[in-house]
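# Commentary on secondary and tertiary structure
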Amino acid sequence: MNRKMTHNLLFVHIPRTAGTSFKNYLQSFYTADEISGNWAGGAPVEFETLRQYRCFYGHCIYDLHKLLPQPIDLITFLRNPVERTISTFECIERNETHGGHAILHREASTLSQFIHHPRFHFDASNYQTRVLGMVLSEEDADLLCSEDAAVEKKGEVWRRFWNEELEKVTEDTLRIAKERLSTMFHFGITEAFGQSIEMFAFKMGVAIVGEELRRERAPDTQREKRESRYAIEDIELIQYENKYDIELFNYAKQLFYERYGEFLESKAKGGTVPVVRTRLTQTMLESRFETAGGWRGFRQSKQGMRTFGFLWEVSNRCCNDSIVLDISAGKCLYKSFFEHAQYVAFDSPVDNPNVGNSRMDLHGDAHQLPIREESIDLCVNLAGLERYKNPYALFQEIARILKPGGWLFLHVSFATAEHGTPNDFFRYTRYALAEFCTQNGLRVAFILPTNGLFQTTLNLLEYSLSTLDESMRNPLTALVNQAIKPLFQKLDDVDGVAQEYPKSCRMLQIPSAYCLGALKPGRHTVSDLSITKRDLLEKITACPICQGELEWRSEEILCKACNKVYPIRSGIPYFILD
């Protein structure tokens, strides 16, 4: 390994992301006169002077490279937005030399006050997305690079950019940040600091200086201890104010571990590594939704668009290390939405004879799930709740297996025809769904109807026509499509026809289905990536009778506590009880 960097580097140092440690590491490979430290690009400078430097770092923006006269490679570190915000608050709180220390103690002594305070809101709200996604126009860049422009004029440009432009953060800012991250020379994750250093050193052909750099920053125990000092409401406020940063961080983690897997393969030459798959784009998922999901023409109805939007939202709540349990997975019609996560398909061939056995990972009874307590990050039940004889037991089990901070998502039939008979038992109002959640300690985030009563009426009418013989069905269907369907679809869009729980509405609520999201309160811990599906199943399963530890054998599974033996049939663990 070399002890000298051959690249020109700009380290975009986002505060509180272990950047100081990484900066100190970089300094090992450059001489003092090759480094320009803490340069944010705002100070007047002769740009020809900058050519002598080969390493730049500072609390700057991505577009700062436009002001440099030499070709440059960009690097940065990202951190979990909740952790970064708390760390920023605590740093200012304890650092008496910080410019905001006195203001914080005088006007923003609590975490929620800190987040809302005008002096600190910029740092506590989507800061990472702003730094990576905001665009410095070519006109402004040219002016800042001009040695003829007045210092006052340059200062005016920088003030406008920092005070006005960077305040504007949108979906487009997030898109740009993701694109830049994907093409950046290297980026690391604070929570995987040792792995980030390993990969960077390998790419640069240099040594890892100092064993302390191999250690991970902020392990789960430290993060839990830090977050436990604050109310859950404060944590949720941070998440609300950092929705773009959370999506950017999840995207970064997914991309990072994908690259880390490639790095390990290169290093080990064929060694087994965790396989990290890329999240499918919205366009690709729309195509799958129409084919595998069987919902042709879903874009033509509000019901179809709202259902797809619900599934898209659910898919964005998980990342590559999330363990997703799909209860009543059936034929796994919606598995595509979780391609990037650790997906486990679960169903009962007894209760659901149409289950796609070849696609299942586990067979069992959802009333007694063979899953360890608090081992699942996200649980979904899509169009399956109506066929459970004891829905309260199902909610009880889901609450048991969800991690604190884990999510439950349901798509529940309401005003629909019988289906999956004879295993079709119940229909649920939004108040019943909310009650099931509340009784089992789950906090309802939303209950959203897929449509209003006019679309439901239309759906039932079209279903009724489908039962007639062809001679009657065809002319009546043509009449409905021409005269009734356009009118009913328009009426269904009237405000107040379908509203999210618990809002009251002036018309009766009769949707075809409800979409529910509920959160198990608590502080979430990250799941480990499993190398194979078998490793994952061994990690999360437990005896459905006594919750005892299991011993996995080649053709059967033994409970070490109660000695119950469960067979493995065609490679699928069979936890069905007699």
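Preceding block: the structure.
Since this is a predicted model, take the numbers as computed values, not measurements.

Here we come to the sheet that holds strand S1 (residues 9–12). As summarised here, the arrangement of the five strands in space is S2-S3-S1-S4-S5, forming an open sheet in which the pairing is parallel. Pairing within the sheet leaves two strands with one partner each, and these edge strands are strand S2 (35–36) and strand S5 (186–189). As judged from the two bridges shared by S2 and strand S3 (residues 55–58), these two strands associate in the parallel manner. Pairing of serine 36 across the sheet is with phenylalanine 56, part of S3. Contacts from helix H1 (residues 19–26) reach S1, S3 and strand S4 (73–78) within the one sheet, and its direction differs from that of S1 by about 165°. This element, helix H10 (residues 193–204), spans S1, S4 and S5 of the sheet and lies at about 160° to S5.

On the surface, Met472, Leu476 and Leu479 cluster together into a nonpolar patch covering about 260 Å² of accessible area. Take methionine 472: it is sitting in helix H19 (residues 470–492).

Assignment of secondary structure puts phenylalanine 256 in helix H13 (residues 243–268). C-alpha separation for the pair phenylalanine 256 and phenylalanine 187, spaced 69 residues apart in sequence, amounts to 7.8 Å. For phenylalanine 256, the contacting residues outside a window of four places in its chain are Phe187, Gly188, Ile189, Ala192, Gln195, Ser196 and Met199.

Counting 45 residues, the largest nonpolar core has Ile327 and Leu408 as the members making the most contacts within it. The biggest single contributor to this core is helix H16 (residues 391–401), with five residues. Beyond its immediate chain neighbours, meaning those up to four positions away, leucine 408 contacts Cys379, Phe395, Ile398, Leu402, Leu442, Leu516, Gly517 and Ala518. Cys60, Tyr127, Leu132 and Leu144 belong to the second largest nonpolar core, which has 44 residues in total.

Mapping leucine 362 onto the fold places it in strand S8 (residues 362–363). Residue class for leucine 362 comes out buried when judged on its relative accessible area of 0%. Separated by 206 residues in the primary sequence, leucine 362 and isoleucine 568 place their C-alpha atoms 9.5 Å from one another. Residues within four places of leucine 362 in sequence aside, it is in contact with Val344, Ala345, Phe346, Asp347, Ile371, Leu537, Thr541, Ile572, Pro573 and Phe575.

Another aspect to go through is the packing of helix H7 (residues 138–145) against helix H8 (residues 151–163). Put simply, H7 and H8 touch, their axes get as near as 9 Å, and they point 145° apart. Judged by the twist between their axes, the crossing of H7 over H8 is left-handed. Of the residues in H8, those in contact with Asp140, Leu143 and Leu144 of H7 are Lys153, Lys154, Val157, Trp158 and Arg160. Tallied by class, the residues present in the contact of H7 with H8 amount to four nonpolar, no polar and four charged.

Here we take up the environment of isoleucine 115. Within the element layout of this structure, isoleucine 115 appears in helix H4 (residues 111–116). Judged by relative accessible area, isoleucine 115 falls into the buried class, the value being 0%. Taking the C-alpha atoms as reference, isoleucine 115 lies 7.5 Å from serine 125; in sequence the two are 10 residues apart. Other than its neighbours up to four places away in sequence, isoleucine 115 contacts Thr85, His121, Ala124, Asp234, Leu237, Ile238 and Glu241.

This brings us to the side chain of threonine 450. Mapped onto the elements of the fold, threonine 450 is located in the loop between strand S11 (443–449) and helix H18 (453–466). Here threonine 450 falls in the buried class, since its relative accessible area comes to 1%. Of note is the side chain of threonine 450, whose polar atom sits 2.7 Å from the side chain of asparagine 451. Among all residues touching threonine 450, those that are not within four sequence positions of it are Lys302, Gln303, Arg306, Thr307, His411, Pro511, Ser512, Ala513 and Cys515.

Okay, the sheet that holds strand S9 (residues 376–382) next. The seven strands lie next to each other as S8-S7-S6-S9-S10-S12-S11, forming an open sheet whose pairing is mixed. Single-partner strands in this sheet number two, and they are S8 and S11. Here S9 runs beside strand S10 (residues 402–413); their pairing, made up of six bridges, is parallel. Within S10, the position partnered with cysteine 379 by the bridge is leucine 408. Running at roughly 165° to S10, helix H15 (residues 302–315) makes contact with S9, S10, S11 and strand S12 (513–519) of the sheet.

Looking now at unusual backbone geometry. Across the chain, the bulk of peptide bonds are trans and the bulk of non-glycine residues have phi less than zero. Residue cysteine 332 is not a glycine yet carries a positive backbone phi of 55°. Residue placement: cysteine 332 occurs in the loop between strand S6 (323–327) and strand S7 (342–347). Taking relative accessible area as the criterion, cysteine 332 reaches 10% and is therefore assigned buried. With phi around 60°, alanine 383 is a residue other than glycine that occupies positive phi space. Here alanine 383 shows up in the loop between S9 and H16. Look at alanine 383 and you get partly exposed, because its relative accessible area is 40%.

Rules and cut-offs
Residues numbered from 1 in each chain as written. Predicted model: local features only at pLDDT ≥ 70, side-chain atom pairs only at ≥ 80, totals over all residues. Heavy atoms only, no water. Pairing = 2+ DSSP bridges. Helix = DSSP H or I, 4+ residues; strand = E, 2+ residues; numbered from the N terminus. Contact = heavy atoms within 4.5 Å. Axes fitted to C-alpha atoms, helices over the stretch in contact; angles between N-to-C directions. Patch = residues over 30% accessible without salt bridge, like charges linked within 9 Å, V, L, I, M, F, W, Y side chains within 5 Å. Areas by Shrake-Rupley, 256 points an atom, 1.4 Å probe, with all protein chains shown as cover. Salt bridge = Lys/Arg side-chain N within 4 Å of Asp/Glu carboxyl O. Core = buried A, V, L, I, M, F, W, Y, C linked by side-chain atoms within 4.5 Å. Buried < 20%, exposed > 50% of the residue type's maximum accessible area, 1.4 Å probe, protein only. Left-handed = near helix turned anticlockwise from the far one by under 90°. Nonpolar A, V, L, I, M, F, W, Y, C, P; charged D, E, K, R; others polar. Polar contact = N/O pair within 3.5 Å; in protein donor to acceptor, adjacent residues only side chain to side chain.

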